[in-house]
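# Coordinate analysis (summary)
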Amino acid sequence: HFPLIHGGLSLQQLSFVLFHHHTTTTTTTMFRRSLTLTRRTIQSSQNLFKNSARAYSTEATAAPKRNWKAIALWSAAFLYFTPSAYAYFVLGYDTDTLIAESAEKYRLLQFIHDERQKDPEHKVSMYQIMKKFFRKEKLEAFAVDKYPTFSANNKSLLRKYLTEDMFDELKDAQTPSGFGFSSIIKSGVLNGDAGIGVYIPEAAAYDTFAPLLNNIIKDYHQGYNPETAQHVQDFNPAHLRGNNPDPEGKYIISTRIRVGRNLEGYPLATGQSRKDRQDIERKVVGALQSLGGDLSGKYYPLNFMSEDDRQKLVNDHFLFKNNDRHLEVAGAYRDWPEGRGIYHSNDKRFLVWINEEDELRIISMQMGGNVREVFERLSKAVYTLENRLRFQYDDHLGYIASCPTNLGTAMRASVHVKIPLVSKQDNFKQWCEEHGLSVRGIHGEHTESEGGVYDISNKRRLGLSEVDCVQTMYDGVSDLIQWEKQLEAQQDRQ
């Protein structure tokens, strides 16, 4: 199997040799043919093991302390891939079990093949690849069949509102596309530090699981009732009060405003198939390539990216990764990195992420604190794309998003601002909460601050307009800067 996986034999040929007889027919004749293959394979096992050790000599040289793992792993893999005819004749397994096991083996082979395609230099060991595969299988097979046990320090809105009676009511419900309750809550169940705890695989889930999701929406969006309230829109930059809360450039390092969008006719990130993502990528890239002026630029697909392009995107802090375990558990990283990519304008002030947490993350950004200029660029880009693409929208929920926190405008208006004295105050985060602001570290959600620099943004997105979101951030940051100046003056007097 070792020369097959890493040699010239195609995956289709390999799968035929190993599994074809088991998954296409249950006749005794075919199983006996597989048994013959099994016996021949067992007889040559010793030579295969020797060849495998020789084939992996390069890896062993690079990591001699772990060579025993490679040998042990491939020995186990040999037994794991032994054709199932042995189990059928000797152990008495039924055909349904054999077919299920064959499907799992094929998925593993496909996974190994895909990972090696992404890593032709074999920098990632087979141990790490197989560990990654079985974690993926475990997450995808996860199902909640009884009321989950939450840790004492779990403060998610899922835990706050999911009662045992509600669980019994919803556990067997399904969306029109067949998504069950487990797919909604598993990220919050398996990640005890989740703030919300749910991800939505398709728009209809907001109706199917409304008893839970409406409570979460009301809580996060400060009393907004998704059953009766109407979302409002205003993306006109002329209605924004103020230009720059830090005209001297002493406190605000950079400004960034983004919105999330999802195309009509497709599931959301955690419910997408490979074909869904490919279709979405094709449509969005077509729309982006028609942009002109200061929005014109280039698209970089993650799975066909040169090392030079990758390094440039890393240096510019544009590259998004599959390192958020909350999204991973929810299923947003399936088939990574296929169907995903980054578009940025030539001046690097306009950016679009394709198929990350939402199908589009449309971003306007620049250094300094000129909020109006950033907002104007984003408004122009969104209006242009809306003429080329149709986005999911609901009169009550606004723009549909995979996380309930992004419903409504799906907008996050933020600055990186240096406030080392204010951030040391005991009531800093409480003050931000009262003024409708979210506080993060400079590397995003679930990260810490560095050097007194914080990412400050609007918290609410539903039930208020785009202008309202930006104004909330603008006014709050202006007050934080004034607070920092007062503390600086006190410190000088001392």
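Residues numbered from 1 in each chain as written. Predicted model: local features only at pLDDT ≥ 70, side-chain atom pairs only at ≥ 80, totals over all residues. Heavy atoms only, no water.

### Examining the sheet that holds strand 4 (residues 350–354)
Across the sheet, which stays open at both edges, the 8 strands sit in the order 2-3-4-5-1-8-10-9 with antiparallel pairing between neighbours. Two strands in the sheet have a free side with no partner beyond their single neighbour: strand 2 (297–301) and strand 9 (437–440). Each strand axis lies, on average, 20° off the axis of its neighbour in the sheet, ignoring direction. Two strands pair when backbone bridges link them, and strand 1 (residues 252–261) and strand 5 (residues 360–367) are joined in this way by 8 bridges, in the antiparallel orientation. Its bridge partner lying in strand 5, glycine 260 is registered against arginine 361. Contacting strand 1, strand 4, strand 5 and strand 8 (411–418), helix 18 (residues 371–386) crosses the sheet at an angle of about 155° to strand 5. (Pairing = 2+ DSSP bridges. Helix = DSSP H or I, 4+ residues; strand = E, 2+ residues; numbered from the N terminus. Axes fitted to C-alpha atoms, helices over the stretch in contact; angles between N-to-C directions. Contact = heavy atoms within 4.5 Å.)

### So, the packing of aromatic side chains
All chains considered together, the criterion is met by 13 aromatic pairs. Measuring from centroid to centroid gives 4.9 Å for tyrosine 393 and tyrosine 399, while their planes differ by 70°, and the two rings are edge-to-face. We note arginine 256 situated over the ring of tryptophan 353; from NZ or CZ to the ring centre the distance is 5.8 Å. (Phe/Tyr/Trp six-rings, centres within 6.5 Å; stacked < 30°, edge-to-face > 60°. Lys NZ or Arg CZ within 6 Å of the ring centre and 35° of its normal.)

### Here we look at the pattern of salt bridges
Taken as a whole and judged by the stated rule, the model has 17 salt bridges. In this structure, glutamate 264 engages arginine 390 in a salt bridge whose closest nitrogen and oxygen atoms are separated by 3.2 Å. Within this pair, whereas glutamate 264 is found in the loop between strand 1 and helix 15 (274–288), its partner arginine 390 is found in the loop between helix 18 and strand 6 (393–394), the two being separated by 126 residues in sequence. Using a relative accessible area of 39% as the deciding quantity, one classes glutamate 264 as partly exposed. Salt-bridge contacts for aspartate 358 lead to arginine 361; the nearest nitrogen and oxygen are separated by 3.3 Å. This pair shows no difference in class: aspartate 358 is buried, exactly as arginine 361 is. Residues joined in a network through salt bridges with shared partners are Arg274, Arg277, Asp335 and Glu338. (Salt bridge = Lys/Arg side-chain N within 4 Å of Asp/Glu carboxyl O. Buried < 20%, exposed > 50% of the residue type's maximum accessible area, 1.4 Å probe, protein only.)

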